Structures are given as structure tokens and as C-alpha cells.
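In case you want the letters, here they are:
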Amino acid sequence: MTHRSSRTAILSLALIAMLVAPPSPSRAADPPPAGIKRALLIGINRYQVLPTLNGSLNDIETMRQVLTTRWGFQPQHVTMLTDQAATRTGILGAFERLVQEAGPSDMVYVHYSGHGSQVEDLNGDETDDHLDETLVPHDGRTQGVPDITDDELEAIVARLKARSILIVLDSCHSGTATRSLDILTRSVPKDTRTELYRPSGVQTRQVVPVTATRYVLMTGAAANQEALDGPVGGRYHGFFSYSLSRSMGTAGPSASPRDIFSGVEREMKRIQSHFGRISMPEPQLEAPPALMDAPLLPAPSEPANGVSALGTARLPWIEVKPQKSGEALLLNGILLGATPGSTWALYPPNETHFEPGKSLGLFTVTQMRGRDAVATPQATAVTIAPGSRAVAFLPAASPERVPVRLLDIPKDRREKIEQVLREQGREVQIVEPGQPAQFLVDVKGNQLQLYSADGLQLVSSFALDNAQWGSGLALVLSRSANATDLLTLDNPSAQIKVDVRIAGTLRRLARGIAVVADTQPAQYRIRREGEPRTASNSLQLEIQATADSYLTIVDVDSEGHLNLLFPTKHQQPSFYPEGRVRAGDVVTIPDSLQSGNHAGFHWDYAPPAGTDTVHVFASTDLETAQAIRQRVTATSSQGAVATAMVTTRSVVTSSVTNLRQDLSRIATRGLSSVYDPTPAALTSQPAAPPTQAPDAPAPLPPPAQPQTNTHLTPAVAQATAPAGQAASAADWTAASLTIQVEP
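All values derive from a computational prediction rather than experimental measurement.

### Observations regarding the pairing of strand β24 (residues 458-463)
Here comes step 1: In terms of strand pairing, strand β23 (residues 447-452) meets β24 through five bridges, oriented antiparallel. Paired with Leu448 across the bridge in β24 is Phe462.
Here comes step 2: From the end of β23 to the start of β24, which pair antiparallel, there are five residues, and Gly455 there has a positive phi angle of about 75 degrees.

### Here's the deal with the packing of aromatic side chains
Here comes step 1: Applying the stated rule across the entire model yields eight aromatic pairs.
Here comes step 2: Here Phe566 and Phe575 contribute two aromatic rings whose centre-to-centre distance is 6.3 Å and whose plane-to-plane angle is 85 degrees, an arrangement assigned as edge-to-face. Across the pair, Phe575 and Phe566 agree in class, each one buried.
Here comes step 3: By way of ring pairs, the aromatic residues Phe566, Phe575, Tyr576, Phe601 and Trp603 are connected into one cluster.

### Describing the pattern of salt bridges
Here comes step 1: Per the stated rule, a full pass over the model turns up 29 salt bridges.
Here comes step 2: In this structure, Arg88 engages Glu152 in a salt bridge whose closest nitrogen and oxygen atoms are separated by 2.5 Å. A residue pair is termed long-range when its members are at least 10 positions apart, and Arg88 in helix α2 (residues 88-101) and Glu152 in helix α3 (residues 150-157) qualify at 64 residues. The exposure classification of Arg88 matches that of Glu152, with both residues buried.

### Considerations on the sheet that holds strand β29 (residues 541-545)
Here comes step 1: Spatial strand order, β25-β29-β33: three strands in an open sheet with antiparallel pairing. Edge positions in the open sheet fall to β25 (498-502) and β33 (586-589), since each of these has one partner strand only. Adjacent strand axes in the sheet meet at a mean angle of 20 degrees, parallel and antiparallel pairs treated alike.
Here comes step 2: In this sheet, β33 lies alongside β29 in antiparallel orientation, the contact comprising four bridges. Counted as the bridge partner of Glu542 is Thr588 from β33.

### Let's talk about unusual backbone geometry
Here comes step 1: Cis geometry is adopted by the peptide bond preceding Pro590, which originates at Ile589 and carries an omega value of -15 degrees.
Here comes step 2: In this structure, the amide linkage connecting Pro607 to the following residue, Pro608, adopts the cis form with an omega of 0 degrees.
Here comes step 3: In this structure, Arg141 takes a positive phi of about 70 degrees despite not being glycine.
Here comes step 4: Position of Arg141 among the secondary structure elements: in the loop between β6 (131-135) and β7 (148-149).
Here comes step 5: Here the phi dihedral of Glu578 falls at roughly 60 degrees; this positive angle occurs in a residue that is not glycine.
Here comes step 6: Inspection of the secondary structure puts Glu578 in the loop between β31 (562-566) and β32 (580-581).
Here comes step 7: Residue class for Glu578 comes out partly exposed when judged on its relative accessible area of 32%.

### A look at the sheet that holds strand β5 (residues 116-120)
Here comes step 1: The antiparallel open sheet is built from three strands, whose spatial order is β5-β6-β7. Unpaired on one side and paired on the other, β5 and β7 mark the two borders of the sheet.
Here comes step 2: Taken together, the five bridges between β5 and β6 define a ladder with antiparallel strand orientation. Bridge pairing links Ser117 to Thr134 in β6.

### Focus: the confidence of the model for the protein chain
Here comes step 1: Averaged over all residues, the pLDDT of the protein chain equals 78, while 74% of them reach at least 70.
Here comes step 2: At the low end of the mean pLDDT range in the protein chain sits helix α11 (residues 678-684), at 34; at the high end sits strand β3 (residues 78-82), at 98.
Here comes step 3: Long-range and interchain partners of residues 20-29, a stretch whose pLDDT sits below 50, account for seven contacts in this model, where long-range means more than four residues apart.

### Focus: the environment of Pro386
Here comes step 1: In this fold, Pro386 is placed in the loop between β18 (372-377) and β19 (388-394).
Here comes step 2: When its relative accessible area of 65% is taken as the criterion, Pro386 is described as exposed.
Here comes step 3: Here the alpha-carbon distance between Pro386 and Pro349, two residues 37 residues apart in the chain, equals 7.3 Å.
Here comes step 4: In this view, Pro386 contacts Pro322 and Pro349; residues no more than four positions away in its chain are not counted.

### Comments concerning the pairing of strand β4 (residues 107-113)
Consecutive side chains along a regular strand alternate between the two faces of the sheet.
Here comes step 1: When you tally the buried positions in β4, you get seven out of seven residues, the bulk of the element.
Here comes step 2: Side chains of β4 alternate between two faces, with Met107, Tyr109, His111 and Ser113 and Val108, Val110 and Tyr112 buried alike.
Here comes step 3: Here strand β2 (residues 37-43) pairs with β4 via seven bridges, running parallel. Bridge pairing in β4 places Ala39 opposite Tyr109.
Here comes step 4: Examined bridge by bridge, β4 and strand β8 (residues 164-170) share seven bridges and lie parallel to one another. Its bridge partner being in β8, Met107 is matched across the sheet by Ser164.

### A closer look at helix α5 (residues 257-274)
Here comes step 1: In this model α5 runs 26 Å from its N-terminal to its C-terminal C-alpha over 18 residues, within 8% of the 26 Å that 1.5 Å per residue would give.
Here comes step 2: Counting buried residues along α5, 15 of its 18 residues qualify, which places the element largely inside the surrounding structure.

### Here's the deal with the packing of helix α7 (residues 411-424) against helix α8 (residues 469-487)
Here comes step 1: Where α7 meets α8, the closest approach of the two axes is 10 Å, and the angle between their N-to-C directions is 60 degrees. Between α7 and α8, the crossing angle belongs to the class labelled oblique. In this structure, α7 crosses over α8, and the sense of that crossing is right-handed. The residues of α8 that touch α7, namely those facing Ile417, Val420, Leu421 and Gln424, are Trp469, Gly470, Ser471, Leu473, Ala474 and Leu477.
Here comes step 2: Its residues assigned to classes, the contact of α7 with α8 shows seven nonpolar, three polar and no charged.

### A word on the nonpolar core
Here comes step 1: Grouped together as the largest cluster of nonpolar side chains are 48 residues, with contacts concentrated most on Leu67, Tyr109, Phe239, Leu244, Met248, Leu330 and Trp344.
Here comes step 2: With five residues, helix α4 (residues 239-250) is the single largest residue contributor to this core.
Here comes step 3: Setting aside residues up to four positions removed in sequence, Met248 forms contacts with Met63, Val66, Leu67, Arg70, Trp71, Tyr109, Ile260 and Leu297.
Here comes step 4: Listed in part, the 31 residues of the second largest apolar core include Tyr524, Ala547, Leu551 and Leu737.

### Focus on helix α1 (residues 56-70)
Here comes step 1: An ideal rise of 1.5 Å per residue puts 21 Å on 15 residues; α1 measures up with 21 Å between its terminal C-alpha atoms.
Here comes step 2: When you tally the buried positions in α1, you get 13 out of 15 residues, the bulk of the element.
Here comes step 3: Just downstream of α1, Gly72 is the residue with a positive phi angle, here 80 degrees.

### A word on the side chain of Ser493
Here comes step 1: Examined against the element boundaries, Ser493 turns out to sit in the loop between α8 and β25.
Here comes step 2: Judged by its relative accessible area of 10%, Ser493 is buried.
Here comes step 3: Here the side chain of Ser493 touches Asn491 through a polar contact of 2.8 Å, side chain to side chain.
Here comes step 4: Ignoring any residue separated from it by four or fewer positions in sequence, one finds Ser493 in contact with Arg314, Leu315, Pro356, Val391, Ala392 and Phe393.

### Digging into the environment of Ser460
Here comes step 1: With respect to the helices, strands and loops of the structure, Ser460 is situated in strand β24.
Here comes step 2: You can call Ser460 buried: its relative accessible area is 17%.
Here comes step 3: With ten residues separating them in the primary sequence, Ser460 and Leu450 have C-alpha atoms 5.3 Å apart.

Rules behind the numbers
Residues numbered from 1 in each chain as written. Predicted model: local features only at pLDDT ≥ 70, side-chain atom pairs only at ≥ 80, totals over all residues. Heavy atoms only, no water. Pairing = 2+ DSSP bridges. Helix = DSSP H or I, 4+ residues; strand = E, 2+ residues; numbered from the N terminus. Phe/Tyr/Trp six-rings, centres within 6.5 Å; stacked < 30°, edge-to-face > 60°. Buried < 20%, exposed > 50% of the residue type's maximum accessible area, 1.4 Å probe, protein only. Salt bridge = Lys/Arg side-chain N within 4 Å of Asp/Glu carboxyl O. Axes fitted to C-alpha atoms, helices over the stretch in contact; angles between N-to-C directions. pLDDT = per-residue confidence, 0-100. Contact = heavy atoms within 4.5 Å. Expected span 1.5 Å × (residues − 1). Parallel < 35°, antiparallel > 145°, perpendicular 65-115°, else oblique. Left-handed = near helix turned anticlockwise from the far one by under 90°. Nonpolar A, V, L, I, M, F, W, Y, C, P; charged D, E, K, R; others polar. Core = buried A, V, L, I, M, F, W, Y, C linked by side-chain atoms within 4.5 Å. Polar contact = N/O pair within 3.5 Å; in protein donor to acceptor, adjacent residues only side chain to side chain.

Now the structure itself:
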């Protein structure tokens, strides 16, 4: 990304948050004044003369749900501007109304999803590329209609009197074209009609006083990268908008730009693994150090007589309507990903805390009824009061078969490829144009080429004169499918969070005012016999959890097998027993690449080369950790003898399905049915003095009471809590990494 002067352009690829400077220390403790939370949400799928998009309207509908249920925006103060209404005149008029209506105590949120572009810079403020960035309205590129330039928009926003302003722009101007019908770039070529941009009213930046310390800038991609629009989370979205909605939906009330940015990065990595992309656009964050850790969405105090029933909550939620059949109808459930197979936790009306383990029950979506979702209770019947609320617990499982589209391939070769895929890739579904695909297949000369879903990245290439090309292709598709299965084990309602990265990489610290997200895969190579162990051939992870937790590290290797990396039988007894770590500690696993390390093991890369997906679970209770480990261990023993793609895929899918059931049982087991020794022991007892060398990780204290049989599955574990004693509710979360292993 190119750095500009202190007057950074407000119109960029993805997100600009403009916040007033923090209060002086003498007034830091004063509560924020009362004010109104206002939102302007602009989404354009259909243009008069430009290519259509698929996900822009979904972006702003989902964000409206997040803002009204999670952040307390009242519906009457949320304006939606879509398609035909989002003309140049309509957009500028909506901004002018905001300028007139917003008061000095208000908070303003603006979200734009649609095409972006560029035009020649006429006032000389763009010293790097001499181009202004633009938003393209619904009637953009029609006769006499210019785009909305960054200069023009900044002049309008500078007149806003609101206490804080957050502007999200999910568009780009890189101009990259994809080969996919499903995944599109949100850009069009630059506008060459320079004469439309010459009136002095468009170039007003030089007369607008700008204070650099008021800006926080977050972009969904670098200036030379593409912002993508495609199927994710059950329907079409901008990948960045989807990731932002997930991050804002689970962020704490005082979340900073850095916190939101971390959540966006985690979600982008999840999308990356699902679509088989070797890399993703790199979200970028720019801000003065004083604002980097200040609240991104400061909550003004509400007037005593104006508290809305839609006040702030810990999570975004869906209203539930009881059905005579005992089922639940999740109203507008599609907005938050309530698709068939997803699991939702039910809570009483007016609930705002949504504490893990304290729901009325779990429901699984069985069918869609328009925008609503029909859900069935997983266990016994649950009484559903009108106005009850549901929050996401588990996303839907991955599709049974991997959707693959064949591009424009000669008929004779196409028939041969289809035959081989049917024989060796029995769980592959060949889809037609108009159906979402996870991979694209093309033929160039004698090479069969497998591309990511957007057709921009080559995943693998196979020589058609090699008799093993079919099994090689099936193996790559199987590995991707297994990784997708693993990534569906995600808990959107978790209170805890876990951050994982390659040891030694920068941890989102400000470098001046710029921070670049780590969405590129780690590059490793196979360690040869006798070769020194280094950071390029032996894996080390740095992990940090926000609560006292048990860590479980799982890997899908380049052959599609599911492996338990940690805990391992090879580790030393004193090295994080049972994988237990303290809240906030940054732990390195293994602790050293040198022989004789305290961990007692290394993670060396061996043949074959390919892509690995590492998934790190953090759970507050031991039972959840054991359920994960038992299922993965059982899968590993079966996968070791699996030789065909269909066998490998089915083994992993079955294991993940069983684990989803385990996690559901644990979440609804009843607060006093199983004794959980961890939270009280970890938070109330001092750590035992370390007996190993000073640089070894200190072991955590032992459980407060003798541990029960840890080898029982959740289905047969016995209740061990004393009468009247309630165990802490189980909570868990996960994060992932993609690793590219070279020969």
C-alpha cells in the first residue's frame, strides 16, 4: 500500500474510521454525552451500464442486523440506500441529510458496498499515482454522470458535526478481472472522462481543514489487490464486509481498531482455506498511535427516557417465533447465516449477555422459509416464549461433495476428465455455470490446471500424459474438503478468543502508523535428513488466549489426513500439562528449535509438499478439549490405512460430525452435571514454583480436586460435582493458519 500525506484520502478500498481525538486526561473519566447512533448503508448490486455484483445488498442487510442488535442502533436512525436509489444524486443527498441531522454528540456509521474506480487527479494532492479514488453510483458511467471522488466525499464528511464517525467502503480500484461467475472483483476501469471532474466544486480538499489525528483507516486489500465478492457464510457477500460483520458482531463494547482488525484477519484466513486460495488480499490498518487502541465505536450514554429495547448486546441476535410443531422460526435468520445445518442457541426475550452454557437449548436449522429459518430442538422440547432470541453456535457443516466447474475445455478432453473425477473423486460434484464452485478446472496444452474459485490463483497442475494425474487431483480436492470440514468447527458465540501465528512474525504492532495483516501463508520447505532445524523447515507457533484455557492443535496435512499436533505423547510432563495455558500469556510451542528443548518434541516438515491447515482450539474446560482430542486421534488411526480419496474424506467428515455432536452435548449438559476443575483452580491459586530451568514455561497449578476418568467420551462421562455445586459453563473458540510447504 502506498503511504500518502497526512491528508490521507477518505475513499479507499475498504474501511475508514474517523474518530475525534481522545479527551484530555483531566476529562478521561467523564461519561460520553448523550447522542443518537445514526447509520447510512449503501449497497449496489445492479448498475445501469456496469457489471452486476452479487453480495453488496447482503453486506448492508447483515450490517444493519449487527448494528441494531449488537450495537444499539435504533431502526428509525438506520437509512438503507440500494440499487436504483443509490444514484450519484441519491448518495450525495443522503450524505447532505446526515450533515444536517447529525449533532455534536452523535455517532455516525456509513457503509458502502459496490464498485470502486479511479480518475485522473486534477488538484495535485495524489502525489504517488496521480489518481483519485472513486465510488461508482448506480448511474455511474452514464452520460454526464461522474463518479464520487475521494476529494468530494472528504469535503462532505469534514462538515459532519458528529462526535465520532465510522465509514466502511468495501470496494476497490485495482481493476483485476476474475475467471469466475461467482467470485467477482468490486472494481471497474478508471474513468477517462476527465472533463466531468473539472468543476471547482469537486476539488475542495484544499479548502477543508483536516486534522490527521482524527483518522483511522482500515482497507480490505492493498491498492494493487482485489476486493472480492462471492459465496460465503451461506450467501453472497463481499469477503471483507463479511469478515468485518463477524468481527464487529463478536467484539467487546470497547473494541479498538486493532481489535476489530484482528477479527477481520481471522475471518479472512478462514475464507482463504475454504476456497483453496494460496493467498488472500491483505487488510491494512493505518492510524495514529493514540487512536490505534481507542474504542472504535464509543457508546454514548442514552437519555433516561430514550433507552431502546434494541440496546447493546454481547452478540448480534435473531428474533425467534414459536411454532405449533415445537419448532422455532428464526425471523430473518438468513441475515446472520442461519442456513440448513447451522446450530443456534436459544435465550429468553430481552437477553443481552448470552452467556455460554446458559441457553435454553440448541436448535438446528432444517429448512429455509423465504428469509426465515425453521429450526428443530436438538434434545427435549423447549418452551419458546414470543420474542425469544437466538445466537449462532455452530455454522453449517461443509457440503457433502466438493463443487468443481470445468471451464471451456474441448469436448473429448472434458469427457475424459469427468470420467476420471467420477471414478477417483467420488465426492466431487461437477457444477454448471450459475452454481457456486469451490475450484475451477482448465486445460492448457498437456497440463490440467486447478484454480481457486475466482480463477486467479493456480492451486495445482497435472500432466495429462501421467497416469497418476487423476489420483493427484482427487488428493488435492480431498485435502481441501477435509480442511473445510475442520473449519466448520467454529463457535461464533464464544466469549474467549485465541490468536495464533508463526513464531517470530510481527504481532500487529504499529510501525509508524501502518499495520499490514498476515493473510499470506507461511512458507516452509521439507527438512532433509541431517539438515539443521531452522524456522524454514520446522514449525513453531505463538498462541495467546484471552482466558485460562486448554489448547488443542490439529492439522490437515497435504495428503488430507487429520493429525493431533498438541498435546502429544512426546512432550515433557512439565510442558503445559494437558495443554493448559494462562489468560494473556503468549506461549511458544514447541519452545525451541534446538535439541533438548523443554517441550520434548519438534514439528518438522516431511514429504510430500503441499498445503497444510493448522486449527488451534482453546477451551475453558478439560472435557471439551478431550472430546476434540479423542475424535482426532480416532480419525488419525483410521486415516493411516485409508488410501482412496473417498475413504479419507469420509473418515474426516464422520469424525467432525461426531465432534459437533459432542460439543452440542457439552454445551447443554446442565450446569451441575460435570465437575470442571479448571477455572477456579487457574484463577484463585498461585502458580507452583517452576522446577525446570528459568526459561522453561512454568506449569499451571494442579486441579483443585482429583480428576475423573479423562478417557471417557462426553456421552458416558459421569457427574462428579458435589451436590449444590455448579460447574463453570464450557466455552471454546478456534483460529487457523494456512501453511505452504515447498519441496
